[in-house]
Amino acid sequence: MKRNILFVFCLLLTVPVLAQSTGPGGISSGLNFWIKANTGTTVAGGVVNQWNDMSGAGITGNMNLSALNPNNFGPSLAPVGINFNPHVVFDRTKPNSMITANQFLGNQLFNPSNVTILQVIKLHSFTGTGVWLKWENWNQSPRLGFEVDNGGTTIGQLRFDFGTSGTTMFTPVNVNDQYILSDAFVAPTTGTNALKTVMMNGAQIATATTTANTTTCQGKIGLGNEPTATTPACGGTSIDQYPTTVDVAEIAIYNQTLSPADRNKAESYLAVKYGFTLDQSATYANNYTSASGTTIWDRTANLPFINNITGIGRDDASALDQRQSKSINTAGLVTVLNGSYNGSTSPVDNVSNTNTFAANNSFLLFGDNAAAITYTRCFTSTVSAQRISRVWKVQKTGSVNTVTISIKASDFPAGIKHLLVSTDSAISPTNTTVYAMTSQNGILTASLTLANNSYFTFASDTLALHPTSNSPLCTDATIQLNANLSGTAAVQWAGPNSFTSTQANPSIPNATPANSGVYTVSGTINGCPLTPGSVNVQVTNMPAPPTVTTPIFYCTGDNAVPVTANGTNLLWYYSPNGGTGTATPPTPSTLAADTLVYWVTQSVNGCEGIRTKLEVAVRTRPNGIILATQSTICQYGLDTFNYFGSALTTDQYDWKFPLGASTLLSGSGQGPFIARFDSTGPQKVRLQVNHEGCVSPESFYTVQVNAAPQLRTAIKDSACANETVIVSLNYATPGIDNYTWNFGSGTVVYGAAGGGPFGVKWANAGPQQVTVIASAKGCPSMIYRDTINIHPLPYAHLDSISNTDICSGDTVAIKANLIDSGSHYTWTPVRYFGVVPDTQRLAYAQVPLPGYLAMYVTDSFGCVAGDSVFVNAKNCCEVYLPDAFTPNNDSKNDIFKIITIGNHKIQTFRIVNRWGQVVFETADESVGWDGTFGGAKQEMGTYFYYLKYRCVNGKDYEMKGELTLIR
């Protein structure tokens, strides 16, 4: 096909050459590329990101994910791909591909006219062109590769490309969706011409001419798609996109055309490993050959057992270690495993089989004669059985010990029980060993050591007859005999009363006890004699029905016990007719109210009698709960309760309220019930309901009764009107958060809230009541009351007073009214009155200041009343002096002095003449000037005085003036 021209980078790589010690079939010479899925793969995240070249040639390098292919998801690894070996999965819908790490000249990988490519692949159906293996010289067209062109007449046909020109070569068969072992090679013919050949399973299927592959540019091997670009010098970096859906198990490329013998070794290696059968026709007559040249399967010697060849073995030169195998052919039905296994323990893949081969070059292969797998042969030895026609022949090389032969039971006729191993192909009884096969998970297995040139096949269970009947049975029933045979059989029955029959399953109607006895059957099947078998038949007269106690009563939810009856060999039924009885007596279900009906029979000597009816009545056990208005209440509070549930109003209701802690006020039946709770703490209300003898479980409802506060007041028994009385608490329970006080007609003097104390006074005489209610967490206390007796105040009145308008320091007389004899008088201010007997109602007071004089009367109850009077005690501090005096000794106006005496104190009284000379001075207001100075009479005229004095109010005053001395 036409390709885009790529720019190719020419680069000479220096790659170390690894030692080549192994290769397919032990052929390592010329092996330049070798990948196999069972080794050398690196998987990360489910993606094979590296696949190592195992050739050791060091030309290609390992394969990696193709970076130039966009959206390359990478292939995955299927652990169980072909014949218990893995393969690498390339999916064109992703797409994914891999390329070699190195670029190289084509002639480094192959010779211009010589190449051999071995591959084990499975090409899947898809539309369009796909390339899964390709090296190509982009600008010159030389190439090596494989593709499929799914169009026209070439759908599913392999296309093998080699050289720069020649015939486009397609295989003539469609290989889609099947595993193939392909061997494609090129061999030179004349000049630069060569011949391309494709073989499949050891048979040539196509040839075509081509020209030699001469390359001057480098490229890479692509897998799953076209290869990536070569060096720019060769024409570009673009690529074609031909992704392919293909499973690749193994690929090997040689730079030579392998000889037929070497090609057979390599093909034998791949055939054993992957379960292929090399072409066994006379044309190709493929033997299987090990790397050492040993024939491990001789086609001629093993005729006609040359179909579905299957093998295991170890060949170190090929790196082969195949421990279990099954032909990939549809007709390949037998799996062989190295070691001993069964249907539960068989490994899922080759690597999980832990049994190794003791020596190199050890093989065990077998093939079959393609005969039918139906029972067509008799076999009588230690067992009498039928065997299938197909036979397998074994060829063993080297040391292979215990192996397991495994088959799927569904692939063979029913009844396979034995593996027959013989030294002759006819499976003669005298030369045959019988191995019992184990059945697990639908797999039949037998573990043994198979000898070289031994034969094996499979046989049924023993052909002994195992007849059965419907015995025991009753009189008038029909005896049914059964030979239990399948296939073409001829039988002969014999029994009591000269009974005979050639039917396989005869019947005897209207049986009587005389028909009891042993019945024997013999015969042949498919020409094979059957070992006779016998069955004993018992016919008995019908027994009486069993006796029962019915009905039986339960309540829903009861633990029921199995029903009982009086009889032998009881069988229980759920209907009066038909059905299959059970010896296990039924246990009634009490999940719901119902009437359950059972029937029971008894059997004597296998004869079952008629059925007896037994009824079980399941009555409803009431359920229900107690509903309450409140779940938490206060002490002495009321709560309401009702029933809720399935019970009827006509059922019996047994309510229980806490004894001594509550008082039921009203209620009946389902409720409502009203109860008062007097005790604190959790209080349980209980209820049981009785419906027709079925009592409900006791229901509980817990009411949390919170304590009401407790308190006591403290107040004296009596007081006087308008006396401030202390009201307080002398006890209160903790947690009180509110108080409500009521003092009646009293007036609160102090104290505003809480538990007090309060100061309260009452104006009205007589008994007065104090109440208080406390609450804690919303629970009120009882109302606490206390009473105080208020006495009226005594009548107090001042009857008289001598004077109310006086000078400071004057004395007044004051008199109170007469009170009862038990009263006492108190006069204030005490300092005014001095000591006055408390029984005296007349008192005297010296009043220094203006104010009230009070009298208080205390009666016999200690109540005090008083009366007062205002006395205006003036200072009386005015000082008066004359303005002239006549000191002429006529005893009239002879002395100049202060006229007003009292309520003041003279500090200085001075008289000076007009020259300022002091002619008189005193501090005694009772002393005056007589008009002399130094004993000499002073002349008439004007003089001046100066007076300084202090009044009783504590203030100082001054006076100045003139006086005239007249003689």
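Only a predicted model underlies this, so the values are computations on that prediction, with no experimental measurement involved. (Residues numbered from 1 in each chain as written. Predicted model: local features only at pLDDT ≥ 70, side-chain atom pairs only at ≥ 80, totals over all residues. Heavy atoms only, no water.)

Those residues carrying the UniProt feature "domain: DUF8202" (unreviewed entry) are residues 262-453 in this numbering. Between the end C-alpha atoms of residues 262-453 there is a gap of 26 Å, over a span that is 9% helix and 40% strand. (UniProt positions renumbered as here; feature names shortened; annotations may be inferred. Helix = DSSP H or I, 4+ residues; strand = E, 2+ residues; numbered from the N terminus.)

This part takes up the sheet that holds strand β77 (residues 904-912). Spatial ordering of the open sheet is given by β76-β82-β81-β77-β78, a layout of 5 strands whose pairing is mixed. The open sheet is flanked by β76 (884-885) and β78 (918-922), the only strands paired with a single partner. Two elements, strand β81 (residues 941-951) and strand β82 (residues 956-965), share 10 bridges in a ladder whose sense is antiparallel. Each residue of the ladder has a partner; that of Tyr 949, found in β82, is Tyr 957. (Pairing = 2+ DSSP bridges.)

On the surface, Ile 625, Leu 627 and Phe 644 cluster together into a nonpolar patch covering about 290 Å² of accessible area. Within the fold, Phe 644 resides in strand β53 (residues 638-644). Its relative accessible area of 52% is what places Phe 644 among the exposed residues. (Patch = residues over 30% accessible without salt bridge, like charges linked within 9 Å, V, L, I, M, F, W, Y side chains within 5 Å. Areas by Shrake-Rupley, 256 points an atom, 1.4 Å probe, with all protein chains shown as cover. Salt bridge = Lys/Arg side-chain N within 4 Å of Asp/Glu carboxyl O. Buried < 20%, exposed > 50% of the residue type's maximum accessible area, 1.4 Å probe, protein only.)

Before going further, it helps to spend a moment on the nonpolar core. Counting residues in each nonpolar core, the largest one holds 44 residues, and the members touching the most others are Trp 51 and Phe 160. In this view, Phe 160 contacts Ile 117, Leu 144, Gly 145, Phe 146, Met 169, Ala 184, Phe 185, Val 186, Lys 196, Thr 197 and Val 198; residues no more than four positions away in its chain are not counted. (Core = buried A, V, L, I, M, F, W, Y, C linked by side-chain atoms within 4.5 Å. Contact = heavy atoms within 4.5 Å.)

Over its 15 residues, helix α2 (residues 260-274) runs 20 Å from end to end, which matches the ideal 21 Å to within 8%, given 1.5 Å per residue. Burial analysis of α2 places 12 of its 15 residues in the buried class, which makes it a mostly covered element. Of the residues making up α2, those classed as buried are Arg 263, Asn 264, Lys 265, Ala 266, Glu 267, Ser 268, Tyr 269, Leu 270, Ala 271, Val 272, Lys 273 and Tyr 274. Trailing α2 by a residue or two, Gly 275 shows a phi angle of about 80 degrees, which is positive. (Expected span 1.5 Å × (residues − 1).)

Turning to its location among the elements, Gln 322 is positioned in strand β23 (residues 320-322). Contacts of Gln 322, omitting those with residues within four sequence positions, involve Asn 83, Asn 85, Val 272, Lys 273, Gly 311, Ile 312, Gly 313, Asn 350 and Phe 357.

Let us now look at the pattern of salt bridges. According to the stated counting rule, one finds 20 salt bridges in the structure shown. In this structure, Lys 656 engages Asp 654 in a salt bridge whose closest nitrogen and oxygen atoms are separated by 2.6 Å. The exposure class assigned to Lys 656 is partly exposed, which follows from its relative accessible area of 35%. Glu 921 serves as the salt-bridge partner of Arg 910, at 3.2 Å between the closest nitrogen and oxygen. Taken together, the positions of Arg 910 in strand β77 and Glu 921 in strand β78 put the pair 11 residues apart, joining distant regions of the chain. With a relative accessible area of 27%, Arg 910 lands in the partly exposed category. Here Glu 921 falls in the partly exposed class, since its relative accessible area comes to 47%.

A complete count under the given rule lists 5 disulfides for this structure. The disulfide bridge from Cys 720 ends at Cys 863, spanning 2.0 Å between sulfur atoms. Disulfide Cys 720-Cys 863: the torsion about the S-S bond is -95 degrees, which places it as left-handed. Linking Cys 720 in strand β61 (residues 718-720) with Cys 863 in the loop between β74 (851-858) and β75 (864-874), this pair joins segments that are 143 residues apart in sequence. On the basis of relative accessible area, Cys 863 is assigned to the buried category, the value being 0%. (Disulfide = S-S within 2.5 Å.)

For the structure on display, the rule yields 31 aromatic pairs. The interplanar angle of 10 degrees and the centroid separation of 5.7 Å between the aromatic rings of Trp 741 and Phe 743 together place this pair among those described as stacked. Classification of Phe 743 by relative accessible area gives buried; the value is 8%. Look at Trp 827 and Phe 833: their rings are 5.4 Å apart centre to centre, the planes differ by 40 degrees, and that puts the pair in the tilted class. (Phe/Tyr/Trp six-rings, centres within 6.5 Å; stacked < 30°, edge-to-face > 60°.)

Across the sheet, which stays open at both edges, the 4 strands sit in the order β40-β39-β42-β43 with antiparallel pairing between neighbours. Of all the strands in the sheet, the pair left with one neighbour each is β40 (499-501) and β43 (528-537). Pairs of neighbouring strands in the sheet enclose a mean axial angle of 15 degrees, with direction left out of account. With 6 bridges connecting them, strand β39 (residues 489-495) and strand β42 (residues 517-525) associate as antiparallel partners. Opposite Ala 490, over in β42, you have Thr 524 as the bridge partner. (Axes fitted to C-alpha atoms, helices over the stretch in contact; angles between N-to-C directions.)

Checked against the element boundaries, Leu 853 lands in strand β74. Here the alpha-carbon distance between Leu 853 and Asp 867, two residues 14 residues apart in the chain, equals 8.5 Å.

If you trace the backbone, Ser 97 turns up in the loop between β6 (85-90) and β7 (98-100). Sequence spacing of Ser 97 and Thr 244 is 147 residues, and the spatial spacing of their C-alpha atoms is 8.8 Å.

Right, let's get into unusual backbone geometry. Residue Pro 304 is reached from Leu 303 by a cis peptide bond, and omega for that bond is 0 degrees. With respect to the element layout, Pro 304 can be found in the loop between α3 (299-302) and β22 (307-315). Residue Pro 829 is bonded to the preceding Thr 828 through a cis peptide linkage, with omega at 0 degrees. Mapped onto the fold, Pro 829 is located in the loop between β72 (824-828) and α4 (830-833). The phi angle at Ala 319 is positive, at roughly 55 degrees, despite the residue not being glycine. For Ala 319, the location among the structural elements is in the loop between β22 and β23. Given a relative accessible area of 36%, Ala 319 falls into the partly exposed group. In this structure, Asn 722 takes a positive phi of about 65 degrees despite not being glycine. One can find Asn 722 in the loop between β61 and β62 (725-732). Overall, the relative accessible area of 42% leaves Asn 722 in the partly exposed class.

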